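Remarks on the overall topology
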Amino acid sequence: MDTAFFLRWIAAVTERVRADRDHLTDLDRAIGDADHGANLDRGFTAVEEALAAKPPETPSAVLTTTGTTLIRKVGGASGPLYGTLFRTLGRAVGEVPEVSQEALAEAFAQALAAVMKLGSAQEGDKTMIDALAPAVPELRTSFDAAARAALDGARATTPMRARKGRASYLGDRSIGHQDPGATSTALVIDALRAA
Amino acid sequence: MKKLINAVGDVVPDTLRGMAAAHPSLRVDVENRIVLRAAGPTPGKVGLVSGGGSGHEPLHAGFVGYGMLDAACPGEIFTSPVPDQMIEATKAVDGGAGVLHIVKNYTGDVLNFEMAAELCAEEGAHVVSVLVDDDVAVQDSTYTAGRRGTGATLFVEKMAGALAEQGAPLEAVAAMARTVDARSRSFGVAFSACTVPAAGKPTFDLGPDEIELGIGIHGEPGRSRERFREAREIVRVAMDAIDADLPFSGDVLVMVNGMGATPLMELYVAYGEVDAYLREKGATATRCLVGDYVTSLDMAGFSITTCLLDAELTSLWDHPVETPALRWGR
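Residues numbered from 1 in each chain as written. Chains lettered and ligands numbered in written order. Predicted model: local features only at pLDDT ≥ 70, side-chain atom pairs only at ≥ 80, totals over all residues. Heavy atoms only, no water.

As recorded in an unreviewed UniProt entry, chain B goes by the name Dihydroxyacetone kinase subunit DhaK, listed as coming from Herbidospora solisilvae.

The name given to chain A in an unreviewed UniProt entry is Dihydroxyacetone kinase subunit L, and the organism recorded there is Herbidospora solisilvae.

Structural data, given as structure tokens:
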């Protein structure tokens, strides 16, 4: 997978976030503060601009620019969390012209660990980790398998009681709603198939 | 949605432009979203920086000035600011004695301030962060992101700000901020949800006979929904929750805070009940604020924040302050 692949991936994520903006915000209205779609859309629009302004020359540069831009532009919890995800991917793939499936899977494993550490979240806390964690091992097999695992993981957050983030303040009332962060993470993984 | 705005996307910059026009004592960087004292940093004084999502006005920008903050970083509505803002603000207010970051305990604020503090430290700045987590409605931190930072943020900014103005070193100012937080508790109640301009509809739905107990300040729902009842009873629910967590005694600083769409008249009704409640418990409300200080856009409802005072805290509260939203003694 070369630089063009990673640019296509980020473009696909940007498009999906824009298309699902209102859906993500609606999920966030139920158990958060109704801004998840708007924030990610703002962030990835800025990423689109940053990548166009200074076209990156390596896969690592695409990922690092994406992460840094998200940290600088999004705010909230999703800015640092998604920013850290992409920056860790960028660091982990190294300065190479092409990234193997194996190397990408390994980079995702590191990114998962970094996001879990930053958010001090575990699987089952009803966060983006619930979509990311099951997808990571599947990346070694195929993007299709990873996308399926992420979507299943996101759906599985519905009966969970939130233990992290703003939804946690609701206690039992967070049960019965799909987590917006897990939903957007599934969308990010699913976009790999379109790249 | 009827809101006195020009365009949904311009609410935050338009607010900042208005604040700049109204308050020459502030230097407002609309582009980078930083509000500073026009006079610049005070040499030898610890700088105080706070910030958070917009929509809580006058918090935080309204508390920039003598005796309180040196800088505020407003984010998008209900979304924490980004590290770039905090880093710029920290540099701008560093008078050589270090900088205190006052952070409300919400995941977004915590993460962004954490990243900013790390980057500031890498550049050699002396930064200490304190977390405000006063909301008793969040009970079990094992199963939540921990108690939210709400009304006590104002108390921390005021009293730590006074101590900094008196020339205390960074560690002492940080310790005072933690002391104020430890002695403060809040509880919020909503009568109606607020409407985030970008969303265009209320963040949750409340029936005509319902109230939401234990709300935070970002339009998120609270812990439970109950039937509407008279002021005396609603105040009692809030005060019982605070008292059960940190029993009232001695001198108490009380803030009865409007969430944005509650008449001042009703806030005074509530304050009268709070005052009576404290007497019943053998405590005395010796200092108070009644009004809109830590709001949640157009939410109807109120919050009560209390702080158990001693002589030192009382004197820090009484220390002169001159900001757009809080001023006395000067």
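From this point on, the discussion continues.
Here's the deal with the overall build of chain B
Selection rule: Helix and strand labels come from DSSP, where a helix needs a run of H or I of at least four residues and a strand needs a run of E of at least two; each type is numbered from the N terminus. All radius of gyration figures rest on C-alpha atoms, and the globule criterion is 2.2 Å times the number of residues raised to 0.38. Burial status follows relative accessibility: with a 1.4 Å probe on protein chains alone, a residue under 20% of its type maximum counts as buried, one over 50% as exposed, and anything between as partly exposed. A contact between two residues is defined here by any heavy atoms of the two lying within 4.5 Å. A 1.4 Å probe and the Shrake-Rupley method give the accessible areas. Residues count as covered only by the protein chains that appear here. The charged-residue count follows a simple rule in which Lys and Arg add positive charge and Asp and Glu add negative charge, with His and chain termini not counted at all. Working definition for charges: the position is that of NZ of Lys, CZ of Arg, CG of Asp or CD of Glu.
A tally of regular secondary structure across chain B gives 8 helices and 14 strands. Taken over C-alpha atoms, the radius of gyration comes to 19 Å for chain B, in line with the 20 Å a tight globule of 330 residues would show. Within the span of chain B, comprising 330 residues, buried residues form 58% of the whole. Considering only residue pairs separated by 6 or more positions, chain B has 73% of its internal contacts joining residues 24 or more positions apart. Working note: accessible area of chain B is about 12,100 Å², and carbon and sulfur atoms make up 51% of it. Averaging the positions of the 27 positive and the 45 negative side-chain charges in chain B gives two centres separated by 3 Å.

A few points about the domain arrangement of chain B
Residues and elements named next belong to chain B. Note the following rule: Here the bounds of each domain stem from an automatic or database domain assignment. When two parts are brought into contact, each loses some accessible area as probed by a 1.4 Å sphere; the total of that loss over both is the buried area. The salt bridge criterion pairs a side-chain nitrogen of Lys or Arg with a carboxyl oxygen of Asp or Glu, the two atoms within 4 Å.
Taken domain by domain, chain B consists of domain 1 (10-182 + 318-324) and domain 2 (184-312). The centre of domain 1, based on its C-alpha atoms, is set 23 Å off from the matching centre of domain 2. Across the boundary between the two partners, domain 1 contributes 30 residues, which contact 36 residues of domain 2. Here domain 1 packs against domain 2, burying approximately 2,600 Å² in sum over the two surfaces, 62% of which is carbon and sulfur. Three residues stand out in domain 1 for area buried against domain 2, namely Phe78, Val136 and Phe155, and they jointly supply 24% of the buried area on that side. At the boundary of domain 1 with domain 2, the tally comes to 2 salt bridges.

Considerations on the UniProt feature "domain: DhaL" (unreviewed entry) in chain A
How we decide: UniProt positions are given in the numbering used here, feature names are shortened, and annotations may be inferred rather than shown by experiment.
Per the UniProt record, "domain: DhaL" (unreviewed entry) is found at residues 4-194 of chain A. The span residues 4-194 of chain A is 68% helix and 0% strand, and its two end C-alpha atoms sit 12 Å from each other.

A word on empty space enclosed by the protein
The test is simple: Points on a 1 Å grid over protein atoms alone make up a cavity when a 1.4 Å probe fits among them but cannot get out, and a pocket when they form an open set with protein on both sides within 12 Å along at least five of seven lines; lining residues each have an atom within 4 Å of a point. Grid points are joined across faces, edges and corners, and a volume is the space filled by probe spheres set on the points. Side-chain classes follow a simple rule in which Ala, Val, Leu, Ile, Met, Phe, Trp, Tyr, Cys and Pro form the nonpolar group, Asp, Glu, Lys and Arg form the charged group, and the remainder, Gly included, forms the polar group.
Overall, the coordinates contain 2 cavities of 30 Å³ or more when judged by the stated rule. Put simply, the largest cavity is a space of about 600 Å³. Taken together, 33 residues line the largest cavity, and the ones lying closest to its centre are Ala77(A), Ser78(A), Leu81(A), Gly165(A) and Arg166(A). Every element with two or more residues in the lining of the largest cavity is listed here: helix 2 (21-31), helix 3 (36-53), helix 5 (78-93), helix 6 (101-119) and helix 9 (180-190) of chain A together with helix 3 (107-122) of chain B. With 3 residues, the top contributor of residues to the lining of the largest cavity is helix 5 of chain A. Thr150(B), Gly151(B), Ser186(B), Phe187(B), Gly188(B), Ile215(B), Gly216(B), Ile217(B), Asn257(B), Met259(B), Val294(B) and Ser303(B) are the residues that line the second largest cavity. Here the element with the most residues in the lining of the second largest cavity is strand 7 (residues 184-192) of chain B; it accounts for 3 residues. Considering only residue class, the lining of the second largest cavity consists of 5 nonpolar, 7 polar and no charged.

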